Amino acid sequence: VFTAGIYGGASLKRDERNGLFLRLPFGKRELCRIASLAAPAGLAALSGLAAIGVAGIFVSWRRELLGMFLYVIGTAVYARILSRILPTSRGVSCLLPFFIIGSLIFCPVLIDVGQFVPQARAAGWIFLPWYYLKMF
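The structure presented is a predicted model; accordingly, all values stated were derived computationally and were not measured. (Residues numbered from 1 in each chain as written. Predicted model: local features only at pLDDT ≥ 70, side-chain atom pairs only at ≥ 80, totals over all residues. Heavy atoms only, no water.)

Comments concerning the packing of helix α1 (residues 2-17) against helix α3 (residues 61-85)
Between α1 and α3, the least distance of the axes is 8 Å, while the angle of their chain directions is 40°. As judged from the angle between their axes, α1 and α3 are oblique. Of the two elements, α1 crosses α3, and the hand of that crossing is right-handed. In contact with Phe2, Gly5, Ile6, Gly9, Leu12, Lys13 and Glu16 of α1, α3 contributes Tyr71, Thr75, Tyr78, Ala79, Arg80, Leu82 and Ser83. When its residues are assigned to classes, the contact of α1 with α3 shows seven nonpolar, four polar and three charged. (Axes fitted to C-alpha atoms, helices over the stretch in contact; angles between N-to-C directions. Helix = DSSP H or I, 4+ residues; strand = E, 2+ residues; numbered from the N terminus. Parallel < 35°, antiparallel > 145°, perpendicular 65-115°, else oblique. Left-handed = near helix turned anticlockwise from the far one by under 90°. Contact = heavy atoms within 4.5 Å. Nonpolar A, V, L, I, M, F, W, Y, C, P; charged D, E, K, R; others polar.)

Below, the structure is given as structure tokens:
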């Protein structure tokens, strides 16, 4: 979900550069930008929820749906901030390996590095998967 959200930020930046939103009425531009940005993360979230459901590891429907919804919103906001800071879609895309590797190392996805190196625990705070995993 996080990777798809960052990809959505890069895609939004590319669409803005190509002038995709210029012909839209002013009131609908931002709504279409948000939809374009959140679509990849939303689809990845649906896929993740389906995988969790098939695996039978749902905590509860309400909690999983709320947690995933908040995670998609957080990812979209995070990606929008990145797309506003970085000048090109290529710049946003180049951060994907950093976020993927950082999420795997500093978030308790596969292993919890914070158990072995306590200073590494704080590094997880800049990666959104850390917050999602702490919800459960």
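That was the structure; now back to the text.
Here's the deal with the pattern of salt bridges
Going through the model one piece at a time under the given rule, you end up with four salt bridges. Taking the shortest distance from any N to any O, the salt bridge between Glu16 and Arg80 comes out at 3.2 Å. With a gap of 64 residues between them, Glu16 in helix α1 and Arg80 in helix α3 connect regions that are remote in the sequence. Residue classification places Glu16 among the partly exposed positions, given a relative accessible area of 24%. On the basis of relative accessible area, Arg80 is assigned to the buried category, the value being 15%. We note a salt bridge from Glu30 to Arg80, for which the minimum N-O separation is 3.8 Å. You can see Glu30 sitting in helix α2 (residues 26-55) and its partner Arg80 sitting in helix α3, a full 50 residues away along the chain. Sharing partners across several salt bridges, the network here consists of Glu16, Glu30, Arg33 and Arg80. (Salt bridge = Lys/Arg side-chain N within 4 Å of Asp/Glu carboxyl O. Buried < 20%, exposed > 50% of the residue type's maximum accessible area, 1.4 Å probe, protein only.)

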